[in-house]
Amino acid sequence: MAAAYLTHQQKVLRLYKKSLRHLESWCIFRDKYRFYACLLRARFDENKNEKDMVKATKLLKAGEEEFWAKQHPQPYIFPDSPGGTSYERYNCYKVPEWVLDHWHPSEKAMYPDYFSKREQWKKLREKSWDKEVAQLQAETPAGGPRTEALPPARKEGDLPPLWWQYVTRPKERPA
Amino acid sequence: MPSLHIILTTSFIITLVILISPVFTSILYKSLNRNWHTHHIKTAVKMAFFTSLLPLFLHHHTGTELTITNLHWMNIMTFDINTSFKLDHLSITFVPIALYVTWAILEFASWYMKSDPNINQFFKFLLIFLIAMVTLVTANNMFQLFIGWEGVGIMSFLLIGWWWARADANTAALQAVLYKGVGDVGLIFTLGWMATNLNSWEMQQMYITAKSLDMNAPLIGLILAATGKSAQFGLHPWLPSAMEGPTPVSALLHSSTMVVAGIFLLVRLSPLMQDNPFALTTCLILGALTTLFTTICALTQNDIKKIIAFSTSSQSGLMMVTIGLNQPYLAFLHICTHAFFKAMLFLCSGVIIHALNNEQDIRKMGGLLYLIPTTTSCLTIGSLALMGTPFLAGFFSKDAIIEALNNSYLNAWALALTLLATSLTAAYSLRMIFFVNMNFPRFPALSPINENIKSITNPLKRLAWGTILAGDLMTCAVLPPKPPMLSMPPYIKLTALVITILGLTIALELALFTNKQRPYMPKQYFYFSTMLGYYPTIMHRFFPYTFLKLSQTIGTMTIDQTWLEKTGPKTITSLNLSLATTTSNIQKGMMKTFLSLFFTTLMIIILLNYY
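If you're wondering where the values come from, they're calculated on a predicted model, not measured in any experiment.

## Re the overall build of chain B
Part 1 of the reasoning: Per the secondary structure count, chain B includes 26 helices and 2 strands.
Part 2 of the reasoning: Along the longest, intermediate and shortest principal axes, the C-alpha atoms of chain B span 115 × 75 × 65 Å.
Part 3 of the reasoning: For chain B, the proportion of its 611 residues judged to be buried stands at 55%.
Part 4 of the reasoning: Once local pairs closer than 6 in sequence are excluded, the contacts in chain B between residues at least 24 apart make up 81%.
Part 5 of the reasoning: Only carbon and sulfur atoms are counted for the fraction: they give 71% of the accessible area of chain B, which is about 27200 Å².

In structure tokens, the structure reads:
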């Protein structure tokens, strides 16, 4: 269950992962990286059975400070990740599906099967909308949703809430 | 011979018409074939290249030069503005080179941008850019040059921000516009100065009438314009940021053509500068600083396109140094040879990026020599040419520049910086080759590696031939206007070669340390280089923050406070308060003192009136 605060384990694991990533940025060749990654793992494993939370927190703090001092100024970022070279690059080609409703009839006539099927899907969406809203209202806690995850359909014959946005989402790499 | 002039004029006009016609046919003609327009533009540029060869051969064979003035545009009293094209050595040589490089890039872009839905628009933008560049290069007056200047700037903005949904691309495009805009201020100032003092924007008239005038102010304006356009130190951050655009854009605009427009401007107007030691020294020092600073930045970059971008900035600094040495012909020679190998380096990087699924970090490349041999061979040839390897294109221009620098009795500090930058050029070139071509692959196994496509290999091969032959052809075909120093001690003659080999050797030694089990802590100069000298960090944060904070204070507090309080109620209140306090404090009940003061003052006034 996700909460507003990170647990100690989560913080340690996050420190470990980002340390490994920055180590990968420093040690370009894989054998050298594996050597220093093993040393890093050994340093983390040395204190993994620490039961005293005060000491564990101090160790974590020292680890974060060491990470800050030794981080790479240009860490490797995957191209599609935030900050990467092709992040959001194809968003300009991702057109929302409601644009199809604004096509000229002569353009729609070029794809009759597709648009007739689309009308059926739209009717289905109208039919299931009230049930989706009712399910979301029933299942959302009083203080607002805790996560962005949507619940599945609970009853037989129902569609999952907000399925339309998922089904009509644009492709990751629009052609 | 008049017939030669007619042939020259006709072939130039045909070249222009061939270039301009696809812009109109795209509006008037719609084809069912999606890629029709792409093929049409590529063919047009190819044809324009072949037609532009005729003036080139005529010029080299007979020395014919021409100025075509065909339209009287406007005049204000005695100030005339005409459309005039100057076909001299500079424009006749540069136009075919630009067209050759553009042909290669367009053919490459037809593969690189194949999956882009707006590929036709992309090609149109590149074509409009090319037309603007040809306008700039062939302009015989400053107004036409300014039109071309702004045209290339606008197309650069549109092409850098091609993937406009990406925030970094928009920032980079804006950065390019702002930094180049600062340079445009200098150019507009120079235009105004020339209109006011020389009463003309025509080149020939300017050269004659400016002889007796103090040209410091307009030349500083021109140098500022070149600083902005050619990414010299101070206005350089836009060039590495411009790598946000697609690789064909980087290859055409930000390496071969647009980025040298500033240097071209100085070369074109070199008759104004040649007798002005202040301007020449400024160019020398600015160029030396630029070339060393950007070379240092390139040493620690991990993005392959940024390495090549900083290399471009460094070479444009070297061109500026050459202008500072009063050798505009050598600067122009370097512009021409640089176009070939730099465009080829960018195209090679584009093939590698596509092959590795948009991977641009050299830390995740490796072993590509065995997988894409043509591309990596061209990358190696381009890097060797960049280093000034003997008898490749870069050698003829770079070696001549270093020799001229060594034999001049000018600034020894600029000489030292340039030599150091030359050595470091070899270092970062080797670093790039080492991480890209050599050792084992560091990328995922399932990468779409394929260079067995004509659209890739043909442009690369053409540019490789250009890299190998262009320097030799240009040096053999054209006599330099100023005779070079022909005899010098061997250590001066071999300086460029020795320092390049030295840089190469040291870089190779350091590269071999990278896969040894030696931990090291990076020093401050590593961070200085990786963070690009902290220049973007300071300039893009400190000054905007200061100005925004000041304007916020003025806009929200100072103005409101002044008009609503200080000019009205609060001032009246404080005045009244101070008057009332003073008046009431005076009344302390000291009647004898008040009366005596009153009578004393009265007596003084009566006596003064009496006398």
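## Things to note about the domain arrangement of chain B
Note: interface size is frequently given as the accessible area lost on complex formation between the parts.
Residue and element names in this part refer to chain B.
Part 1 of the reasoning: By the assigned domains, chain B splits into domain 1 (1-518) and domain 2 (524-579).
Part 2 of the reasoning: If you average the C-alpha positions of domain 1 and of domain 2, the two centres end up 41 Å apart.
Part 3 of the reasoning: The partner domain 2 presents 10 residues to the 14 residues of domain 1 that form the contact.
Part 4 of the reasoning: Regarding the contact of domain 1 and domain 2, the summed buried area is about 860 Å², with carbon and sulfur atoms giving 67% of it.
Part 5 of the reasoning: On inspection of domain 1 and its partner domain 2, the count reaches 0 salt bridges.

## Section: the pairing of strand E1 (residues 66-76) of chain B
Residue and element names in this part refer to chain B.
Part 1 of the reasoning: Relative to strand E2 (residues 79-87), E1 is paired through 9 bridges, and the arrangement is antiparallel. Paired with Met74 across the two strands is Ile81, which belongs to E2.
Part 2 of the reasoning: Hairpin connection between E1 and E2: a loop of 2 residues separates the two successive antiparallel strands, and Met77 in this loop has a positive phi of roughly 55°.

## Brief notes about the packing of helix H13 (residues 277-299) of chain B against helix H14 (residues 304-324) of chain B
Residue and element names in this part refer to chain B.
Part 1 of the reasoning: Contact geometry of H13 with H14 gives a least axis separation of 7 Å together with a crossing angle of 160°. The orientation of H13 with respect to H14, classified from their angle, is roughly antiparallel. In the packing of H13 onto H14, the handedness of the crossing is left-handed. Residues Leu280, Cys283, Leu284, Leu286, Gly287, Ala288, Thr290, Thr291, Thr294, Thr295, Cys297 and Ala298 of H13 form the contact with H14, whose participating residues are Ile307, Phe310, Ser313, Ser314, Gly317, Leu318, Met320, Val321, Ile323 and Gly324.
Part 2 of the reasoning: The residue makeup of the contact of H13 with H14, split by class, is 13 nonpolar, 9 polar and no charged.

## Points about the packing of aromatic side chains
Residues and elements named next belong to chain B.
Part 1 of the reasoning: The final tally for this structure, using the stated rule, is 40 aromatic pairs over all chains.
Part 2 of the reasoning: Both rings, one in Phe233 and one in Phe293, keep their centres 4.9 Å apart while their planes meet at 70°; by these two values the pair is edge-to-face. Residue Phe233 is located in the loop between helix H8 (216-229) and helix H9 (238-241), and its partner Phe293 is located in helix H13; the two are separated by 60 residues in the primary sequence.
Part 3 of the reasoning: The ring of Trp238 is capped by Lys180, whose NZ or CZ atom sits 4.5 Å from the centre of that ring.

## A closer look at the domain arrangement of chain A
Part 1 of the reasoning: What the domain assignment reports for chain A is domain 1 (8-70) and domain 2 (91-168).
Part 2 of the reasoning: Computed from C-alpha atoms alone, the centre-to-centre distance between domain 1 of chain A and domain 2 of chain A is 44 Å.

## Some points on the packing of helix H1 (residues 8-26) of chain A against helix H3 (residues 53-70) of chain A
Residues and elements named next belong to chain A.
Part 1 of the reasoning: Across the interface, H1 lies against H3 with an axial gap of 11 Å and an inter-helix angle of 25°. Of the possible angle classes, the one that applies to H1 and H3 is roughly parallel. For the crossing formed where H1 meets H3, the hand is left-handed. Along the contact surface, H1 presents His8, Lys11, Val12, Leu15, Lys18, Ser19, His22 and Trp26, while H3 presents Met53, Ala56, Thr57, Leu60, Gly63, Glu64, Phe67 and Lys70.
Part 2 of the reasoning: When the residues that make up the contact of H1 with H3 are grouped by side-chain class, the tally is 7 nonpolar, 5 polar and 4 charged.

What counts as what
- Residues numbered from 1 in each chain as written.
- Chains lettered and ligands numbered in written order.
- Predicted model: local features only at pLDDT ≥ 70, side-chain atom pairs only at ≥ 80, totals over all residues.
- Heavy atoms only, no water.
- Helix = DSSP H or I, 4+ residues; strand = E, 2+ residues; numbered from the N terminus.
- Buried < 20%, exposed > 50% of the residue type's maximum accessible area, 1.4 Å probe, protein only.
- Contact = heavy atoms within 4.5 Å.
- Areas by Shrake-Rupley, 256 points an atom, 1.4 Å probe, with all protein chains shown as cover.
- Domains from an automatic or database assignment.
- Buried area = accessible area lost by both parts, 1.4 Å probe.
- Salt bridge = Lys/Arg side-chain N within 4 Å of Asp/Glu carboxyl O.
- Pairing = 2+ DSSP bridges.
- Axes fitted to C-alpha atoms, helices over the stretch in contact; angles between N-to-C directions.
- Parallel < 35°, antiparallel > 145°, perpendicular 65-115°, else oblique.
- Left-handed = near helix turned anticlockwise from the far one by under 90°.
- Nonpolar A, V, L, I, M, F, W, Y, C, P; charged D, E, K, R; others polar.
- Phe/Tyr/Trp six-rings, centres within 6.5 Å; stacked < 30°, edge-to-face > 60°.
- Lys NZ or Arg CZ within 6 Å of the ring centre and 35° of its normal.

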